[in-house]
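Take a look at the letters that make up each chain.
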Amino acid sequence: MAEVSMTVNGTPVSGNVPDNTLLVDFLRETLELTGTHVGCDTSQCGACVVHVNGRAVKACTMFAVEAEGAEVATIEGEAAPDGTLSAIQQAFQDHHGLQCGFCTPGMVMSAKALLAENPKPTEAEIREYLEGNICRCTGYHNIVKAIMAASGQDVSKIAAE
Amino acid sequence: MPADGGIGASTKRREDVRFLTGQGNYTDDINIHNQAHVFFLRSDMAHGKINGIDTAAAEKMPGVIRIFTSKDFEGVGGIPCGWQVTDRFGEPMQEPKHPVLAEGFVRHVGEPIAAVVAETLQQARDAAEAIELDIEELPPVVDMAAALEEGAPKVHEDLSSNLCFDWGFVEENREAVDEAIRNAPHVTTLELRNQRLVANPMEPRVAIGVYDRADDEHTLYTTSQNPHVIRLLMGAFVLGIPEHKLRVVSPDVGGGFGTKIFHYQEEAFCTFAAKAVNRPVKWRSSRSEAFMSDAQGRDHVTKIELALDEEGKFLAIRTNTLANMGAYLSTFAPSVPTWLHGTLMAGNYTTPLIYVNVKAVFTNTVPVDAYRGAGRPEATFQLERVIDKAARELGIDPIELRRRNFITEFPYETPVALTYDTGDYHATMDKLEELADLKGFEARAAESKKRGKLRGLGVNCYIEACGIAPSNLVGQLGARAGLYESATVRVNATGSITVMTGSHSHGQGHETAFPQVIADMIGIDPEQVEIVHGDTAKGPMGMGTYGSRSLAVGGSAMVRAAEKVINKARKIAAHLMEASEADIELKDGRFTVKGTDKSVAWGDVTLAAYVPHNYPLEELEPGLEETAFYDPSNFTYPAGAYACEVEVDPETGKVDVCSFHAVDDFGNIVNPMIVSGQVHGGLGQGIGQALLENCVYDDDGQLLSASYMDYAMPRADDLPFYSVDHSCQTPCTHNPLGVKGCGEAGAIGSPPTIVNAVVDALQRAGHDVTHIDMPLTPARVWAAMQG
């Protein structure tokens, strides 16, 4: 067992967990932050993407103890305290960038990391960046469109609805 | 777009807020106090005889509560099959028992043999490793043709062979079709494989069994598209728990695509074990387990022959298919290659004679069942591919050949048992030619050529039978269930409305779209309407969501219930305004007396129903809540025309999809934004099938594509922006909303479009290639180019 402490969405947290506890399980099971999802066991699907010290990380690829002392951001911290959606979240709703919602937290966290390093990505850059996030519902059309819109680009020419 | 958020408005989805903020309530997000965890020890061989299972050492491992094997399930039923197909000799299909835990034999990789219930999942997994299995490996059968050979090893030792059934449709047409093909001026033949796929909803399956000993009540939380169906199948056929003691809850479900329709062993196990150990028992599938335990899709090997006259009129179709059932019959498996496939072989065309033969085969592989489209993609793929091949052989433009054979008069009775109520196939094709700028193709091909790329154009049509299904008809065809849908419309005292629907939303947006319908009928704000689904304790018996049926069947039930509510409310309004009921009109949320300025608001009428002081109590009960069960009188028939352009790299065989245009006729549309999203998703899966996805077993029955490292799921950079259009609308004539269903169209229509386009590209470049089996990987395309 290991004692682990970190800051999650601005709040200091700690727990006593088995040494081999993954960060994603620490978030989901110990902290009950179930917005971060587990969609595979090979670090391919990206449903568990969170930010660790400002970088997008698949939370299934690191142990909780490796995040000792880190600043972790999850989907639960994305909206404003009054519930107002962030620009990326709002764009996903406005452009129907989600259906079943299971991949969505990871998509939003990946999109946030992308826009932090590339504020006006092209369609191709977005598609390439999302290589590690799988969505089975949307065919990606509206996800790509939503991220372009969130970055302030005009998406009105991209297909109807 | 209507400003009021009613029918026709692209209303933003209300469910998005919880999904976007991490507040969704998926089954794995549920933890029950004192729950234990189960890990299934699964077979690592495709076929074997179980000589012994020694759990003694494992039982002593830390945290282990109990270990279960098939011995613990004596007297418990097998997982039932919900559809019995009768073969062409009038005999029922062979139907082997599908045990909860393997009994005597293992028959596919991934079959659960033993189940360890422990305090933690890790303890359960560790203990499973300490179970000693004595399994004698038997020769497996993987290939369907080999499975049917004389003397082939049998998947089920107690069955006469590996043939589940030999189905002919329409059997009476068999000789006439043979003769028509023998005498036809031209016959185009195509042999193809519709490869096995894995549905892969992003949320793996989860089941939590809970038992309340005090009240002898069971609850199952499960990732299902149809919780009532699970309650019926599991309660009545497996565990013997009556409905009033069994509650099944399917909360937010992260995608289904068919594979979450079926009743699975893990659901029965968790429900059973929760009582046996008197603790809640939770199972969460890993993705690796999902690959070897979720029912898989497609897997047909087909030879199709199309007979034509000199002018290209279709004379007859004969198609012979081997359909892989896997090792056991999953819930609706027998219906997929038969009634959901054979009945679609007329497509959009007037072919007068059709004969379909399907031999369903048991193999030592994971069971196969419905996956998005379910039988209809298999029918569409072979039909639209053979038409394309025929067009090339006859030197007729592929679009022109299709147009010459379009059905143009409705209703139209096909030779394969369906009656299309409405459609306009020329209109969708006209629209496609315009939107896809087909006239500009040659210029684009020339531009591609300058860049060293081979450009191809693929065009095809599709039709599907949705809104599944008329109960009396499917009963005759072998369904062991009705396929109606239910809805309860509960009007609350202040006028807000709660709708309990038997439909289940796992991405389709019912919580947004269904209120649009109710709001339109009454003239109130859609925000006043709430949808409740996914819990057998909350709504009437419902059949769930699959086969693009939610709005066509579930929406119709909701409309019928709302009509009953409005009729009663009209009586109350008449009483309140001392007017004749016949003179009462409902508009914009107010009842008015025709020709007067008298009116009463919706909310005042609903309040009167629950506070019946001034109320016709002698004639009318208080309250305002009605239930309707809607059984469709026919299927619905969405249809469309698709076009895509691809570029093939002649050096590598890599295919890029440059554009994809989908023109669909879905009849009336409630929320265009959601409809487009459904088409996008279907296209993503259809293009994924055409180019990337393949579920592969080796000769030993080992699953080679058992993770996202090996099974090529479409990524964002594999797919283009799509152009979708649903402005061609011939409303369904037999349901109250005039809707047809849109969930599967993209996955049905798009695989042949891609293959047609790649074949076109190669032929334009002088390669004598008439077909490549999916997925069109660079290796396969390159090999085809080398001859």
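If you're wondering where the values come from, they're calculated on a predicted model, not measured in any experiment. Sequence positions are assigned chain by chain, starting from 1 and proceeding in written order. Here the convention is simple: chains get letters from A, ligands get numbers from 1, in the order in which they are written. The model is predicted, so local features are restricted to residues of pLDDT at least 70 and side-chain atom pairs to those at 80 or more, both for listing and for counting; the totals for chains, interfaces and linings are taken over all residues. Side-chain metrics in this entry use all non-hydrogen atoms of the structure; hydrogen atoms and water are not considered.

## A look at the sheet that holds strand E22 (residues 584-587) of chain B
All names here are of chain B.
1) Next: Strand order across the open sheet formed by three strands is E22-E23-E24, with antiparallel pairing between neighbours. Two strands in the sheet have a free side with no partner beyond their single neighbour: E22 and strand E24 (599-601). Adjacent strand axes in the sheet meet at a mean angle of 25° when their direction is disregarded.
2) Next: Looking at chain direction, E22 and strand E23 (residues 590-593) are connected through four bridges and run antiparallel. Paired with Glu 585 across the bridge in E23 is Thr 592.
3) Next: Every residue pair with non-hydrogen atoms within 4.5 Å of one another is taken to be in contact. Only the stretch in contact is used when fitting a helix axis, every axis being a line fitted to C-alpha atoms; angles between N-to-C directions are given from 0 to 180 degrees. Per the convention used, a helix needs a DSSP run of H or I reaching at least four residues, while a strand needs a run of E reaching at least two, with both numbered from the N terminus. This element, helix H15 (residues 550-576), spans E22, E23 and E24 of the sheet and lies at about 120° to E22.
4) Next: Across the face of the sheet, helix H16 (residues 602-610) comes into contact with E23 and E24 while running at roughly 70° to E24. A pair of strands is treated as paired once DSSP finds two or more bridges between them.

## Concerning the packing of aromatic side chains
Residue and element names in this part refer to chain B.
1) Next: Between rings of Phe, Tyr and Trp, where Trp is taken as its six-membered ring, a pair exists when centres lie within 6.5 Å; planes separated by under 30 degrees are stacked, by over 60 edge-to-face, and by other angles tilted. This structure, assessed with the given rule, holds 25 aromatic pairs over all chains.
2) Next: Measuring from centroid to centroid gives 5.9 Å for Phe 406 and Tyr 425, while their planes differ by 65°, and the two rings are edge-to-face. One end of the pair, Phe 406, is in the loop between helix H10 (398-405) and strand E16 (412-413); the other, Tyr 425, is in helix H11 (residues 425-435), and 19 residues separate them in sequence.
3) Next: When the centroid spacing of 4.9 Å and the interplanar angle of 50° are considered together, the rings of Tyr 420 and Tyr 637 count as tilted.

## Here's the deal with the interface of chain A and chain B
1) Next: With 52 residues of chain A at the contact, the number on the chain B side is 57 residues.
2) Next: Any carboxyl oxygen of Asp or Glu that lies within 4 Å of a side-chain nitrogen of Lys or Arg is treated as forming a salt bridge with it. At the boundary of chain A and chain B, one finds five salt bridges.
3) Next: Residue Asp94(A) pairs with Lys12(B) through a salt bridge whose shortest N-O separation is 2.9 Å.
4) Next: Each polar contact in these results corresponds to two N or O atoms within 3.5 Å; when the atoms are within protein, one needs to be able to donate a hydrogen and the other to accept it, and residues that are neighboring in sequence are counted only if both atoms are side-chain atoms. Our enumeration of links across chain A and chain B arrives at 28 residue pairs in polar contact (both at pLDDT 80 or more).
5) Next: At the level of elements, helix H1 (23-30), helix H2 (87-94), helix H3 (104-117), helix H4 (123-129) and helix H5 (141-150) of chain A are the ones that each hand at least two residues to the side of chain A that touches chain B.
6) Next: Each residue gets one of three labels, nonpolar for Ala, Val, Leu, Ile, Met, Phe, Trp, Tyr, Cys and Pro, charged for Asp, Glu, Lys and Arg, and polar for the others, Gly among them. Class assignment of the residues belonging to the side of chain A that touches chain B gives a composition of 21 nonpolar, 18 polar and 13 charged.

## Let's talk about the domain arrangement of chain B
All names here are of chain B.
1) Next: An automatic or database domain assignment supplies the residue ranges for each domain. Along its sequence, chain B is organised into domain 1 (16-23 + 484-630), domain 2 (31-138 + 202-255 + 260-293) and domain 3 (374-462 + 635-786).
2) Next: With centres defined by C-alpha atoms, the gap from domain 1 to domain 3 works out at 40 Å.
3) Next: With 16 residues of domain 1 at the contact, the number on the domain 3 side is 16 residues.
4) Next: Summed over both partners, the accessible area lost on bringing two parts together, with a 1.4 Å probe, is the buried area. Counting the surface domain 1 buries against domain 3, the share from its top three residues, Ser 548, Leu 551 and Ala 552, is 36%.
5) Next: Linking domain 1 with domain 3 are zero salt bridges, by the criterion used here.
6) Next: Inspection of the domain 1/domain 3 interface yields five residue pairs in polar contact (both at pLDDT 80 or more).
7) Next: Of all the secondary structure elements, the ones that give two or more residues to the side of domain 1 that touches domain 3 are helix H14 (510-522) and H15.
8) Next: Residue contributions to the side of domain 1 that touches domain 3 peak at six residues, all from H15.

## Quick notes on the environment of Ala46(B)
All names here are of chain B.
1) Next: For Ala 46, the position within the fold is in the loop between strand E1 (36-42) and strand E2 (48-54).
2) Next: Considered as a pair, Ala 46 and Glu 111 are 65 residues apart in the sequence and their alpha carbons are 8.7 Å apart.
3) Next: Dropping the residues within four chain positions of it, Ala 46 is found in contact with Val 106, Arg 107, His 108, Val 109, Pro 140, Asn 364, Asp 700 and Gly 701.

## Regarding the layout of surface pockets
1) Next: Approximately 1,300 Å³ is the volume attributed to the largest pocket.
2) Next: Around the largest pocket sit 45 residues that line it, and Asp25(A), Leu121(B), Gln122(B), Arg125(B) and Arg284(B) are the ones nearest its centre.
3) Next: Residue assignment for the lining of the largest pocket shows that the elements contributing at least two residues are H1 of chain A together with E1, helix H3 (121-129), strand E12 (281-284) and helix H8 (287-293) of chain B.
4) Next: A total of six residues in the lining of the largest pocket trace back to one element, the largest contributor, which is E1(B). As defined here, a cavity is a set of points on a 1 Å grid over the protein atoms alone where a 1.4 Å probe fits but cannot get out. A pocket is an open set with protein on both sides within 12 Å along at least five of seven lines, and residues line them when an atom is within 4 Å of a point. Grid points are joined across faces, edges and corners, and a volume is the space filled by probe spheres set on the points.

## Considerations on the sheet that holds strand E5 (residues 71-73) of chain A
Residues and elements named next belong to chain A.
1) Next: Spatially, the five strands line up as an open sheet ordered E2-E1-E5-E3-E4, and their pairing is mixed. Single-partner strands in this sheet number two, and they are strand E2 (11-17) and strand E4 (55-58). Strand-to-strand twist across the sheet, computed as the mean angle between neighbouring axes with direction ignored, equals 40°.
2) Next: Note: strand E1 (residues 2-8) against E5, two bridges, orientation parallel. Within E5, the residue paired with Thr 7 across the bridge is Glu 71.
3) Next: Contacting E1, E2, strand E3 (49-52) and E5, H1 runs over the sheet at an angle of about 100° to E2.
4) Next: In this fold H3 packs onto E3, E4 and E5, with an angle of close to 40° to the strand it touches most, E3.

## Describing the pattern of salt bridges
For side chains of opposite charge, pairing can occur when their charged atoms come near one another.
Residue and element names in this part refer to chain B.
1) Next: Within this structure, the stated rule accounts for 56 salt bridges over all chains.
2) Next: Between Glu 744 and Arg 376 there is a salt bridge; the shortest N-O distance is 2.8 Å. One end of the pair, Glu 744, is in the loop between strand E28 (723-725) and helix H18 (745-764); the other, Arg 376, is in helix H9 (residues 376-394), and 368 residues separate them in sequence. As far as burial versus exposure is concerned, Glu 744 and Arg 376 are alike and both buried. Each residue is placed in one exposure class: buried if its accessible area under a 1.4 Å probe, protein chains only, is under 20% of its type's maximum, exposed if it is over 50%, and partly exposed if it falls in between.

## Notes on a nonpolar patch on the surface
1) Next: On the surface, a nonpolar cluster with roughly 230 Å² of combined accessible area is contributed by Leu607(B), Tyr610(B) and Val611(B).
2) Next: Examined against the element boundaries, Tyr610(B) turns out to sit in helix H16. Like charges within 9 Å and nonpolar side chains (Val, Leu, Ile, Met, Phe, Trp, Tyr) within 5 Å are joined into patches, using only residues over 30% in relative accessible area that form no salt bridge. The method behind every accessible area is Shrake-Rupley, applied with a 1.4 Å probe, and residues are considered shielded solely by the protein chains displayed.

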